[in-house]
Amino acid sequence: MKIAPSILNADYANLARDVQAVETGGADYLHVDVMDGQFVPNITFGPGMVAALRPITKLALDCHLMIEAPERYIAEFAKAGADILTLHVESTPHIYRALQMVKDAGVKAGVVVNPGTPLEMIKNVLPLVDQVLVLTVNPGFGGQKFIPAMLSKVKRLDQLRQTNDYHFDIEVDGGINEQTIKTCAAAGADVFVTGSYVYGAAAPAQQVQKLRNVVATHD
Ligand SMILES: O=C(CO)[C@H](O)[C@H](O)COP(=O)(O)O
Ligand SMILES: [Fe+2]
């Protein structure tokens, strides 16, 4: 299992401190939510943020691109030091080409589906990807409530990778806390993004440890 704290709800004026906290707590990835105000109604940050984070953390930078036509920025994010680039299937008519561009740039490629998008939409790219992100809230904002109906997508993806020659991790993102992480782990998820649960608390490092313990002790 991997824990991926999202900096979306961190204190931007003390970002280095907040990144250090989750690294100390044993996080595996740092999740970077890139939003353009078009694909989603919110605006966050771009490749400049990835470049700024790169020298201050050893954590893999897991970039969730919520932007229209993400192929325009793949080279820039790769150059900035992204380790994983996860693209929305809804954000481009050329998802196969875009994912190939990510791989050609030497970066791990992920594909993500909105809650309203069926898995059928990503069926043809499953052999290509290193990660499938099942969004468990509507994209755009932290602190929303987990949508339980998304668990069936996680289960189906887990079945598909067991019966085919697929090598992707299943990542869940949105509303992950001590309760919802258990149901996601039981459904087959491997990577858990967590924003407000970690950064909404006084001690982010302990929150990361708590989530890891919950999954480790859950049968
Ligand atoms: O992609 C996202 C929103 O679009 C965020 O990664 C996600 O919502 C994390 O925040 P929280 O754990 O507070 O739900
Ligand atoms: Fe995200």
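Remember, it's a predicted structure, so these values are computed and weren't measured experimentally. (Residues numbered from 1 in each chain as written. Chains lettered and ligands numbered in written order. Predicted model: local features only at pLDDT ≥ 70, side-chain atom pairs only at ≥ 80, totals over all residues. Heavy atoms only, no water.)

### As for the UniProt feature "binding site: substrate" (unreviewed entry) in the chain
Per the UniProt entry, the sites bearing "binding site: substrate" (unreviewed entry) are Ser-6, His-64, Gly-140, Phe-141, Gly-142, Gly-143, Asp-173, Gly-174, Gly-175, Gly-195 and Ser-196 in this numbering. Residues from the named set that contribute to the lining of the largest cavity are Ser-6, His-64, Gly-140, Phe-141, Gly-142, Gly-143, Asp-173, Gly-174, Gly-175, Gly-195 and Ser-196. Within the secondary structure, Gly-140 is located in the loop between β6 (131–135) and α5 (151–163). When near neighbours in sequence (up to four residues on either side) are disregarded, Gly-140 contacts Met-35, Val-40, Asn-42 and Met-66. With respect to the element layout, Gly-174 can be found in the loop between β7 (169–173) and α6 (180–187). The residues contacting Gly-174, other than those within four sequence positions of it, are Thr-136, Val-137 and Phe-146. (UniProt positions renumbered as here; feature names shortened; annotations may be inferred. 1 Å grid on protein atoms, 1.4 Å probe; cavity = no way out; pocket = protein on both sides within 12 Å on 5 of 7 lines; lining within 4 Å. Helix = DSSP H or I, 4+ residues; strand = E, 2+ residues; numbered from the N terminus. Contact = heavy atoms within 4.5 Å.)

### Some remarks on the coordination of the iron ion (ligand 2)
Note on the iron ion (ligand 2): its protein donors are His-31 (NE2), Asp-33 (OD), His-64 (ND1) and Asp-173 (OD). The metal-donor distances range over 2.1 to 2.3 Å. In this structure, the iron ion (ligand 2) is coordinated by six donor atoms arranged in octahedral fashion, with angles at the metal of 71 to 173°. Between the donor residues of the iron ion (ligand 2), the gaps in sequence give the motif H-x1-D-x30-H-x108-D. With Asp-33 in strand β2 (residues 29–35) and Asp-173 in strand β7, this pair connects stretches of sequence that are 140 residues apart. A relative accessible area of 4% means that Asp-33 is categorised as buried. Using a relative accessible area of 8% as the deciding quantity, one classes Asp-173 as buried. (Donors = N, O, S within 2.8 Å, 3.2 Å for Na, K, Ca; no water. Tetrahedral: all angles 85-135°; square planar, octahedral: opposite > 155°, others 65-115°. Buried < 20%, exposed > 50% of the residue type's maximum accessible area, 1.4 Å probe, protein only.)

### Looking at the pattern of salt bridges
A side chain with one charge may pair with a side chain of the opposite charge, provided their charged atoms come close. Inspection of the entire model under this criterion finds nine salt bridges. With its nearest N and O atoms 2.7 Å apart, the salt bridge here joins Arg-54 to Asp-83. Pair noted here: Arg-54 is in the loop between α2 (47–53) and β3 (60–66) and Asp-83 is in the loop between α3 (74–80) and β4 (84–88), with a separation of 29 residues, a long-range link. Take Arg-54: its relative accessible area is 24%, and that puts it in the partly exposed class. Each of Asp-11, Arg-17 and Asp-18 takes part in salt bridges that share partners, so that together they form one network. (Salt bridge = Lys/Arg side-chain N within 4 Å of Asp/Glu carboxyl O.)

### Remarks on the sheet that holds β3
The parallel open sheet is built from eight strands, whose spatial order is β1-β8-β7-β6-β5-β4-β3-β2. Looking at which strands have only one partner, the edges of the open sheet turn out to be β1 (2–5) and β2. Each adjacent strand pair in this sheet contributes to an overall mean axis angle of 25°, direction not counted. One ladder, built from four bridges, connects strand β5 (residues 108–113) with β6; its direction is parallel. By the bridge assignment for β6, Val-111 is matched with Val-132. Where α5 meets the sheet, its contacts fall on β5, β6 and β7, and the angle it forms with β7 comes to roughly 170°. (Pairing = 2+ DSSP bridges. Axes fitted to C-alpha atoms, helices over the stretch in contact; angles between N-to-C directions.)

### Quick notes on the site of ligand 1
By nearness alone, 19 residues border ligand 1, and Asp-33, Gly-143, Asp-173, Gly-195 and Ser-196 come closest of all. At 2.9 Å, a backbone N or O of Gly-175 approaches an oxygen atom of ligand 1. Notes on ligand 1: free accessible area 370 Å², of which the protein chains cover 99%. Its atoms largely coinciding with the cavity grid, ligand 1 occupies the largest cavity. Those elements that place two or more of their residues in the shell around ligand 1 are β2, β3 and β8 (191–194). The element that contributes the greatest number of residues to the shell around ligand 1 is β2, accounting for three residues. (Near = heavy atom within 4 Å. Polar contact = N/O pair within 3.5 Å; in protein donor to acceptor, adjacent residues only side chain to side chain. Areas by Shrake-Rupley, 256 points an atom, 1.4 Å probe, with all protein chains shown as cover. Sits in = over half its atoms within 2 Å of the grid points.)

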